[in-house]
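# Observations on the three-dimensional arrangement
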Amino acid sequence: ISGNYAYVADWNNGLVILDIEDPANPTLRASANAYPDGSACGVTVSGNYAYVADYYYGLLIWDFGYTPIAVIDSIHPSPARFDEEITFSGSGEDYDGIIVAYEWWVCHSDNSSACSRDANEWDEEWRLLSDEEDFSTTDLYADSYKISFRVKDDSGRWSDSDSTTLIVYPNSLPIAVIDSISPS
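These lines cover the structure that appears in this document, whether it is placed above or below.

Rules of the game
- What you see as residue numbers is a count from 1 along each chain, following the sequence as written.
- Given that this is a predicted model, residues contribute local features only at a pLDDT of at least 70 and side-chain atom pairs are listed and counted only at 80 or more, while totals for whole chains, interfaces and linings are drawn from all residues.
- Side-chain metrics rest on all non-hydrogen atoms present in the structure, leaving aside hydrogens and water.
- Whether two strands pair comes down to DSSP finding at least two bridges between them.
- Think of it this way: any DSSP run of H or I at least four residues long counts as a helix, any run of E at least two long counts as a strand, and we number them from the N terminus.
- Angles run from 0 to 180 degrees between N-to-C directions of axes, and those axes are lines fitted to C-alpha atoms, restricted for helices to the stretch in contact.
- The definition of a polar contact used here is a pair of N or O atoms within 3.5 Å, where within protein one atom must be able to donate a hydrogen and the other to accept one, and adjacent residues in sequence count solely through side-chain atom pairs.
- Contact criterion: two residues are considered in contact whenever any of their non-hydrogen atoms come within 4.5 Å of each other.

## Observations concerning the sheet that holds strand β12 (residues 134–137)
If you trace the three strands from one edge of the open sheet to the other, you get β7-β9-β12, paired in antiparallel fashion. In the strand order of this sheet, the two ends are held by β7 (69–76) and β12, each with one partner. The average angle at which neighbouring strand axes cross in this sheet is 20°, direction not considered. Relative to strand β9 (residues 86–93), β7 runs antiparallel, the two sharing seven bridges. Its bridge partner lying in β9, Ile75 is registered against Phe88.

So, in structure tokens, the structure goes:
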């Protein structure tokens, strides 16, 4: 038992997770069996892991922690001009803990193969833009960018990235108008 959950080694049904918040009415929350002919005979839970002893297959380790969710709430203005301050706002949700870190990444979208991969600190095409939940910058010049945002929870899990495209326009060329010519 861990919190409001009972983890049961249920032989052919494998690992069974019951919600026992109301002990008189336990509710099945999940079950997992690595093999159709599995035979779970013991279970120990530590953190987000369940260690299941299986009679035929030995030790099986189940990771049942939640992956946090990252959401780009807004990028304003979008599109933007090269000389405007651009404000980025994001949020994260974690069902089994709290969000402890944020990362905003930027990639030039003219390099489509590099920008199609998720951002990380070892990829030279991506640049870390900020490690804040919300921030503003004037450091983006005229171009098309892929913006990626991710969050990390208190158990060290990073979310999948939420991504969008941001276009920053250059300064418009001035327009000259001849009102009149004199003498005509």
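Don't stop here, the text continues.
## What about the side chain of Asp54?
Checked against the element boundaries, Asp54 lands in strand β5 (residues 49–54). Reaching out from Asp54, the side chain makes a polar contact with the backbone nitrogen of Tyr56 at a distance of 3.0 Å. Within the structure, the side chain of Asp54 is placed 2.9 Å from the backbone nitrogen of Tyr57, a separation counted as a polar contact. Beyond its immediate sequence surroundings of up to four residues, Asp54 is in contact with Gly38, Ser39, Ala40, Cys41 and Leu60.

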